[in-house]
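Fold and geometry: a report
Listed below, chain by chain, are the residues.
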Amino acid sequence: MMKKIGFSQIAGCKRRHRAAAKAEKWNLPLVKKQRIWYNILHDAPSPSGKAGDFDSPIVGSTPAGATEKEPAGGLSDRFHAGFIFCEKEVVCVNEENSLLTGAVRPALLRYALPIILSMVATQFYAVADTMIIGLRLDADALAAVSNASTVLMIFLFVSGGMELGGGLLVAAGKPTATKHEMTELLYNLLFVDEVIALLTTAVGFVTLPALLRLINTPAEILDTAVLYGRIYLMGLPFLMPYDLSKECVMGCGDSKTPLKVIVATSVMNIVLDLVLVGPFGVAGAAAATAAAQVAGAVYMVAFLRRTQMDAAFSPRMLKARYAKDIFRLSAPNSVQQASGTIITTVKQGLLGGLGVEAIAGFSCAGKLSSLLMMPVFGFVQSTVFFIAQNTAALQPGRVKEGLREGRRILLVYSLGVVAVCIGLRGPLLRLFTTDPAAASYGCTMLAFESVTYLFVAQKHLFEARLRGAQKMGLYLASSLGQIALNLLACVILVPRIGFAGFWMSSWISAPIGMLLAAALANLSGASHQLP
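Residues numbered from 1 in each chain as written. Predicted model: local features only at pLDDT ≥ 70, side-chain atom pairs only at ≥ 80, totals over all residues. Heavy atoms only, no water.

**Things to note about the overall build of the protein**
Within the protein, the regular secondary structure consists of 17 helices and four strands. Looking at the protein as a whole, 50% of its 531 residues qualify as buried. Long-range contacts, defined here as pairs at least 24 residues apart, represent 80% of the contacts in the protein between residues at least 6 apart. Approximately 23,800 Å² of the protein is accessible, and the part contributed by carbon and sulfur atoms is 66%. (Helix = DSSP H or I, 4+ residues; strand = E, 2+ residues; numbered from the N terminus. Buried < 20%, exposed > 50% of the residue type's maximum accessible area, 1.4 Å probe, protein only. Contact = heavy atoms within 4.5 Å. Areas by Shrake-Rupley, 256 points an atom, 1.4 Å probe, with all protein chains shown as cover.)

**Considering a nonpolar patch on the surface**
Together, Val263, Val267, Val271, Leu274 and Val275 make up a nonpolar patch on the protein surface, roughly 400 Å² of accessible area in all. Position of Val271 among the secondary structure elements: in helix α7 (residues 256–280). By relative accessible area, Val271 is classed as partly exposed at 44%. (Patch = residues over 30% accessible without salt bridge, like charges linked within 9 Å, V, L, I, M, F, W, Y side chains within 5 Å. Salt bridge = Lys/Arg side-chain N within 4 Å of Asp/Glu carboxyl O.)

**Comments concerning the environment of Leu350**
You can see Leu350 is positioned in helix α9 (residues 320–351). For the pair Leu350 and Val494, spaced 144 residues apart in sequence, the C-alpha to C-alpha distance is 7.2 Å. Other than its neighbours up to four places away in sequence, Leu350 contacts Cys490, Val491, Val494 and Phe502.

**Section: the packing of helix α5 (residues 219–234) against helix α8 (residues 282–308)**
Between α5 and α8, whose axes approach to 8 Å, the crossing angle comes to 15°. For the element pair α5 / α8, the angle class is roughly parallel. Pair α5 / α8 crosses with right-handed handedness. Residues Thr224, Leu227, Tyr228, Ile231 and Tyr232 of α5 form the contact with α8, whose participating residues are Val282, Ala283, Ala285, Ala286, Ala287, Thr289, Ala290 and Gln293. Taken together, the residues of the contact of α5 with α8 break down into ten nonpolar, three polar and no charged. (Axes fitted to C-alpha atoms, helices over the stretch in contact; angles between N-to-C directions. Parallel < 35°, antiparallel > 145°, perpendicular 65-115°, else oblique. Left-handed = near helix turned anticlockwise from the far one by under 90°. Nonpolar A, V, L, I, M, F, W, Y, C, P; charged D, E, K, R; others polar.)

**Some details on the pattern of salt bridges**
Taken as a whole and assessed by the stated rule, the structure comprises six salt bridges. The partner of Lys319 in a salt bridge is Glu184, and the shortest N-O contact between them spans 3.2 Å. Taken together, the residues Lys319 in the loop between α8 and α9 and Glu184 in helix α4 (residues 179–214) connect sequence positions 135 residues apart. For Glu184, a relative accessible area of 9% gives the class buried. For Asp243, the salt bridge identified is with Lys246, shortest N-O distance 3.2 Å. Taken as a pair, Asp243 and Lys246 lie in helix α6 (residues 236–251) at a separation of three residues, close to a single helical turn. Taking relative accessible area as the criterion, Asp243 reaches 11% and is therefore assigned buried. Of the residues examined, Lys246 reaches a relative accessible area of 9% and is grouped as buried. Because the salt bridges share partners, they merge into one network encompassing Arg105, Glu405 and Arg408.

**Section: the environment of Gln293**
Along the chain, Gln293 turns up in helix α8. Filtering out sequence-adjacent residues up to four positions away, Gln293 remains in contact with Tyr232, Gly235, Leu236, Phe238, Leu239 and Tyr242.

Below, the structure written as structure tokens:
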């Protein structure tokens, strides 16, 4: 990162423009266009023809020695769209992380891959954490952690909403905000996030025992579950700014730094688990997680302060308009995440009457589905930031091209997933269970439901259009509409036709959900911003 006086490209301008740069005064020796750097000569003649005269109007002026087709210095016919120089401070992002320039497909894939790997690393840690607790402790401890984790998800919805909403707000402001404006925005995000984290921690401490009883936690593991949950909650004031700062850095165009930090904190968490779980039980597991969250938060907030902020915090930076934008973008994400847990809970209840084998097979198929679809979710999240930045930079053509490339990429990947799920369903399920009946249920679910992934991937891409353009009401309507339809179909079909009702409900809800998302993305209220 480095600070420069910057330029902005005149997007979609039919006429060619030239700019005379005040090179010595502005300290701007380089201009970047189409991944080529052009020198602006410090000693070039001025627009008026008088040496050193750089005070004439900038917009539309042409340096002496330049022609319509040949800029000064013999730089060939490169300025097709033209530039306008402006005395506005901007942050120059490394080209590798820039979402605003260069070929769209490589830019999207370069940016998306670290996000996908971050999600995989997080999932791997969750699996490793469960394995360590299960192997080092007894079944009661594992059940206590499982129940506590279910309740803790209620509080983590708030964190997830702030994380996604904050990242989107930063991505949308990045192309046009000055360094000081970005500093104010980030401080407001972190302040609101920390206040919510402290309030959520306090509420969690008080309500945790009651919530655990509400989900019928057995009395013999209740105290252990409360202990684990309360220690975990002590890390929440660090987890929330950690997650938020990661998304903000991604929103600025850097997806590699969060990946490195996630890998480092995951390794730290696993090592601490191995050290602490044996002597301290579930308390050691919770403490290991909290310690990793503290380390991650300290590093990411410091990184954000060093790379994206230009001033120390002042209470005068806190402004109500930022809080309004934060809640406008964060609340729908929190509601959407909460709805996913609701439908999972209802499906678990429907499974109860089908037997243990059905429950085990459904669970194994669900874990495989989540793992295989994780690249879709990571790519879609990167597309949201891509759309937000390019929409703010007034580059609708680039947004359209990005969505076109996204459709192709997701279609190819989804077809591959379908082929794997159908062709390798047996070997994949045997990685999770050796029970023949459970494996049979899992194979059936995986094979039939995988066909719907083609629709699910495209649905998420349509919703990415809405999120990137900050049409959160329409996004929430799309997401909740599909979830409600799937839930309704399950409630109707499963009691009547049994296990097949689960994948049949997906066959009904997935294509209709995709059409709903497409229709909402093309509503007139969004069409002025979306292609």
